[in-house]
Amino acid sequence: MNFAIIGCGFIANKHAQAIQNVKNAKLVAVCDRVPKLMEPYTTQYGATPYTTIEEMLKDDTINIVNICTPSGSHADLAELVAAHGKHIIVEKPIAMTLTEADRIIDAANNYNVELAVVHPNRFRPAAMKLKEIIEENRLGKLSHALCTVNWNRGQEYYDQAPWRGTKAHDGGVLMNQAIHNLDLLLWYLGKPKKVFGMGATRLRNIEAEDVFTGIIQFSSGVLATIQASTTVYPKNYEESITIFGEKGTVKIGGANALYFETLEMESMDFDQCNVVINELKNDPWGKPGHEAIIEDMIHSIQHGRKPAITGIEGRNAIKLVLSLYESSSTNKLVNLL
Ligand SMILES: NC(=O)c1ccc[n+]([C@@H]2O[C@H](COP(=O)([O-])OP(=O)(O)OC[C@H]3O[C@@H](n4cnc5c(N)ncnc54)[C@H](O)[C@@H]3O)[C@@H](O)[C@H]2O)c1
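Conventions and cut-offs
Residues numbered from 1 in each chain as written. Predicted model: local features only at pLDDT ≥ 70, side-chain atom pairs only at ≥ 80, totals over all residues. Near = placed C-beta within 6 Å. Nonpolar A, V, L, I, M, F, W, Y, C, P; charged D, E, K, R; others polar. Core = buried A, V, L, I, M, F, W, Y, C linked by C-beta atoms within 7 Å. Buried ≥ 20, exposed ≤ 12 C-beta atoms within 10 Å, placed from the backbone. Helix = DSSP H or I, 4+ residues; strand = E, 2+ residues; numbered from the N terminus. Domains from an automatic or database assignment. Contact = placed C-beta atoms within 7 Å. Pairing = 2+ DSSP bridges. Right-handed = clockwise from strand over helix to strand, strands pointing away. Axes fitted to C-alpha atoms, helices over the stretch in contact; angles between N-to-C directions. Parallel < 35°, antiparallel > 145°, perpendicular 65-115°, else oblique. Left-handed = near helix turned anticlockwise from the far one by under 90°.

**What about the site of the ligand?**
Here comes step 1: Taken together, 24 residues form the shell around the ligand, and within it Gly7, Gly9, Phe10, Ile11 and Glu91 come nearest.
Here comes step 2: Per-class residue counts for the shell around the ligand are 14 nonpolar, six polar and four charged.

Put into structure tokens, the structure is as follows:
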């Protein structure tokens, strides 16, 4: 399968490396408005550089296009890619509004191409193990969950490019950083029913929020809180998800939600839990998420099945973020159902 990347900024490098590591995948083309940014991809991977997307999409050998541009540009680009009959891997968040997300999903359906959204944290070993624990009902009836992303993104991070920290193209900590964790909460806990949230811009000079606290009630009745910020001094402090059930408590934590900080379950004794905890300590990252997503896309095309993380799931994640934003701006509880 031949891949192309649109947008050769920070995240594109991870896509290029992942494509190189996947069997039967090759990076054949890249596109960026800034020619210099494409140089590493032409020299290192032999990709053909293009400064316009229209020119690149004329290349009939390209099967899959990875969209790695600012979040507010995903919809326009995805529509073009789909219209050229190429499959789409789009970076998170899928888009900045539900209308834009629907345009991407509709374009993929109308032109009969596959669409995958990059939520790579789903492929982390700890995240996958927690999913297995919940699916096997080892925690029993769930009562509540806690989710934190207390990180540091200094002013220089936002000043790197004009789109960062804007409401139309990036969003704040919830849309950009904590969306990974909200996606995991949705994966674990199902449909959200009501939300209440409050955001603020406290320490960074940006349009969107740098701190957000929200409450989510799921259809099951489970209550969750999300607490997210990019203002922590002096470095990333904690990224965690804790799930509480009648027969178990599990916390994935550390600065990057990679380790089981708590694993207590009625169905496993202390030694059995320790085996799982130590396995993760030896290989906390596992296979890089971007690699898993690229492999998964190839399999879905070859076997005629949907990718692991579909456009609808990407839409569900931004719907949750946008509902929390709405609650924050209106000071009201927002219903999602
Ligand atoms: N999955 C993750 O963990 C992760 C991490 C970082 C960023 N992201 C997402 O990836 C996307 C890009 O983020 P980034 O940090 O790499 O941004 P960036 O600013 O570093 O890079 C974006 C690149 O896109 C190019 N570009 C913009 N519009 C273009 C167009 N119309 N045609 C061609 N090139 C264009 C820019 O010149 C720039 O080089 C965002 O949606 C972001 O949320 C995801």
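**Concerning the nonpolar core**
Here comes step 1: Membership of the largest hydrophobic core comes to 98 residues, with the highest contact counts inside it found for Ile5, Ala78, Ile88, Ile104 and Val321.
Here comes step 2: Looking at which element gives the most residues to this core, the answer is helix α12 (residues 311–330), with seven residues.
Here comes step 3: Taken domain by domain, this core gets at least three of its residues from each of domain 1 (2–120 + 290–309) and domain 2 (122–287 + 318–335).
Here comes step 4: With residues near it in sequence (within four places) discarded, Ala78 still touches Ile67, Ile88, Val90, Ile104 and Ala107.

**Regarding the environment of Ile294**
Here comes step 1: The residue Ile294 is located in helix α11 (residues 289–303) in this model.
Here comes step 2: Residue Ile294 is classed as buried on the basis of its 25 C-beta neighbours within 10 Å.
Here comes step 3: Distance from Ile294 to Ile89, taken between C-alpha atoms, is 8.0 Å for residues 205 residues apart in sequence.
Here comes step 4: Contact partners of Ile294, with chain neighbours within four places excluded, come to Ala18, Ile19, Val22 and Ala25.

**Brief notes about the pairing of strand β2 (residues 26–31)**
Here comes step 1: Sheet topology note: the strand β1 (residues 2–6)/β2 ladder contains five bridges and is parallel. Bridge pairing in β2 links Ile5 to Val30.
Here comes step 2: Handedness of the β1-helix α1 (residues 12–21)-β2 crossover: right-handed.
Here comes step 3: Examined bridge by bridge, β2 and strand β3 (residues 48–50) share three bridges and lie parallel to one another. Opposite Cys31, over in β3, you have Tyr50 as the bridge partner.
Here comes step 4: With helix α2 (residues 35–45) bridging β2 and its parallel neighbour β3, the resulting β-α-β unit is right-handed.

**As for the pairing of strand β4 (residues 64–67)**
Here comes step 1: Residues Ile64 and Asn66 line one face of β4 and the alternating positions Val65 and Ile67 line the opposite face, and both faces are buried.
Here comes step 2: Judged from the four bridges that link them, β1 and β4 form a sheet pairing that is parallel. Bridge assignment links Phe3 to a residue of β4, and that residue is Ile64.
Here comes step 3: Where β4 lies against strand β5 (residues 87–91), four bridges are found, and the strand directions are parallel. Opposite Ile67, over in β5, you have Val90 as the bridge partner.
Here comes step 4: Traced from β4 through helix α4 (residues 74–83) to β5, the parallel crossover comes out right-handed.

**Some details on the sheet that holds strand β10 (residues 223–229)**
Hydrogen bonding along the main chain pairs the strands of a sheet, whether they run parallel or antiparallel.
Here comes step 1: Read across the open sheet, the eight strands follow the order β13-β12-β11-β7-β10-β9-β8-β14; overall the sheet is mixed. The open sheet terminates on both sides in strands that have one partner only, identified here as β13 (259–265) and β14 (334–335).
Here comes step 2: Helix α9 (residues 179–189) rests against β7 (142–150), β9 (211–218), β10 and β11 (238–245) of the sheet, and its axis sits at about 165 degrees to β7.

**Focus on the domain arrangement of the chain**
Here comes step 1: Once the domains are mapped, the chain shows domain 1 (2–120 + 290–309) and domain 2 (122–287 + 318–335).
Here comes step 2: Distance between the C-alpha centres of domain 1 and domain 2: 26 Å.
Here comes step 3: At the junction of the two partners, domain 1 supplies 15 residues and domain 2 supplies 15 residues.
Here comes step 4: Of all the elements in the fold, those that place two or more residues in the side of domain 1 that touches domain 2 are α5 (98–110) and α11.
Here comes step 5: Partitioning the side of domain 1 that touches domain 2 into residue classes produces ten nonpolar, three polar and two charged.

**As for unusual backbone geometry**
Here comes step 1: Cis geometry is found at the peptide bond from Lys92 to Pro93, where omega equals -15 degrees.
Here comes step 2: Its place among the elements puts Pro93 in the loop between β5 and α5.
Here comes step 3: Residues Tyr233 and Pro234 are joined by a peptide bond in cis, for which omega reads -5 degrees.
Here comes step 4: As for its position among the elements, Pro234 is in the loop between β10 and β11.

**Comments concerning the packing of helix α6 (residues 125–135) against α9**
Here comes step 1: Where α6 contacts α9, the two axes come as close as 10 Å, and the packing angle between them is 25 degrees. When the interaxial angle is binned, α6 and α9 end up roughly parallel. For α6 against α9, the interelement crossing comes out right-handed. Residues Ala127, Leu130, Lys131 and Ile134 of α6 lie in contact with α9, whose contacting residues are Leu184, Trp187 and Tyr188.
Here comes step 2: Residues that form the contact of α6 with α9 fall into these classes: six nonpolar, no polar and one charged.

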